[in-house]
Amino acid sequence: MLCGMAGISTHVLDAALGRPAAGVAVTLTAPDGTVHTGTTDADGRVGDLYTGPPAPGTWTAVFATGAYHAATGQEAFFPEVTIAFIADPERGHYHVPLLLSPYSYTTYRGS
């Protein structure tokens, strides 16, 4: 999804292997309980996890990191990573990156 357009996207990078994390399943839950799913592509991205202006309120993204680490031969401490964030449709697009390694992770509001 292009910057400036409404929606929610993500990008997962594997810091331990130094490459995008392809094949990570992502489940996004809207404030009303509606569920959207996606899987990171070869570049570690899900560009269209949610399209359109996001409803106001708390959204939750769950990343299946345990399955990803097992598939890449890495030991994992976190079987999943859950990121909750507050969306405001007036603020446009939300990009939620995840920088991942077997024993840590970090996130921020991207652009």
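As annotated in an unreviewed UniProt entry, the chain carries the name 5-hydroxyisourate hydrolase and is attributed to Pseudonocardia halophobica. Database annotation for the chain, UniProt heading Function (unreviewed entry): "Catalyzes the hydrolysis of 5-hydroxyisourate (HIU) to 2-oxo-4-hydroxy-4-carboxy-5-ureidoimidazoline (OHCU)." For the chain, the Catalytic activity (unreviewed entry) comment in UniProt is given as "5-hydroxyisourate + H2O = 5-hydroxy-2-oxo-4-ureido-2,5-dihydro-1H-imidazole-5-carboxylate + H(+)".

Participant: Just checking my understanding: could you explain the UniProt feature "binding site: substrate" (unreviewed entry) in the chain for this structure?
Facilitator: Here the UniProt-annotated "binding site: substrate" (unreviewed entry) positions come out as His-11, Arg-45 and Tyr-108. In this structure, His-11 sits in strand S1 (residues 7–14). Setting aside its immediate chain neighbours within four residues, His-11 contacts Asp-43, Gly-44, Arg-45, His-95, Val-96, Pro-97 and Leu-98.

Parameters at a glance
All residue numbers refer to position in the chain's written sequence, counted from 1. The predicted origin of the model limits local features to residues at a pLDDT of at least 70 and limits the giving and counting of side-chain atom pairs to 80 or more, whereas totals for whole chains, interfaces and linings rest on all residues. Side-chain calculation: all heavy atoms of the structure are included, whereas hydrogens and water are not. UniProt positions are given in the numbering used here, feature names are shortened, and annotations may be inferred rather than shown by experiment. Segments assigned H or I by DSSP are reported as helices when at least four residues long, segments assigned E as strands when at least two residues long, and all are numbered from the N terminus. Residue contacts are defined here by distance: any two heavy atoms, one from each residue, within 4.5 Å place the two residues in contact.

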